[in-house]
Amino acid sequence: MKAIELTTETFEQTLTSGSLPVLVDFHAQWCGPCKMLSPLIDQIAESREGQVVVAKVDIDEAREIAQKFNITSVPTLIIFKDGEPLVGARGMQTMPAIESMIDQAIAAAPAA
C-alpha cells in the first residue's frame, strides 16, 4: 500500500475519520530532499499498515493546508492524532527517526 495523496477536499476527513494516527508528508515536486524521502514514506505505508495512515500533501497544490500548519520548509512530517498535530519534524529524516515518531504517536493517550 502506498501513501495516499491528500487534497484540500480530503485532508480534514482523512485526519478525523479513524482512530489511527495520520503521518502527513508535506512535500513539493521541486524539492530534492522530498524526492529522497518519498520511498521511505511509501515503505512506512506498507510496513505500518493498520498502525498508522500515511498521507502526502503537495504544498503547491494545497496552499491553504500548508499555511494553516505553518509549513515553511519541505519536507515536513507531522503526525496527527484525533485531528490535532502531535509530533513533527522538518527536513530529511531517517527511517529510525520516522519510526520513533510513529511509536510516540501510537503510545500517546487518546484524547478523552
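Located above this text is the structure these notes cover.
Once a new chain begins, its residue numbering starts again from 1 and follows that chain's sequence as written. Only residues with pLDDT of 70 or above have their local features reported here, since the model is predicted, and side-chain atom pairs are shown and tallied only from 80 upward, although totals for entire chains, interfaces and linings are computed over all residues. Excluding hydrogens and water, the side-chain figures rest on all heavy atoms present in the structure.

**Looking at the nonpolar core**
For clarity, the threshold we go by: Buried Ala, Val, Leu, Ile, Met, Phe, Trp, Tyr and Cys residues form a nonpolar core when they are joined through side-chain atoms within 4.5 Å. Buried, partly exposed and exposed residues are distinguished by accessible area as a fraction of the type maximum, computed with a 1.4 Å probe on protein chains only: under 20%, between the cut-offs, and over 50%, respectively. Numbering goes from the N terminus for both helices and strands, where a helix is a DSSP run of H or I of at least four residues and a strand is a run of E of at least two. Here, residues are in contact when the closest pair of their heavy atoms is within 4.5 Å.
Counting residues in hydrophobic clusters, the biggest one holds 20 residues, and the most contacted among them are Phe-11, Val-24, Phe-26, Val-57, Phe-69, Ile-71 and Phe-80. Elements supplying a minimum of two residues to this core: helix H1 (11-16), strand E2 (22-27), strand E3 (53-58), helix H3 (63-68) and strand E4 (76-81). The leading source of residues in this core is E2, at three residues. Not counting the four nearest positions on each side in its chain, Phe-26 is found in contact with Phe-11, Val-57, Ile-59, Ile-65, Phe-69, Ile-71, Val-74, Pro-75, Thr-76, Ile-78 and Phe-80.

**Notes on unusual backbone geometry**
In this model, Val-74 is joined to Pro-75 through a cis peptide bond whose omega is 0°. With respect to the helices, strands and loops of the structure, Pro-75 is situated in the loop between H3 and E4. At Asn-70, a residue that is not glycine, the phi angle is positive and equals roughly 55°. By the element assignment, Asn-70 lies in the loop between H3 and E4.

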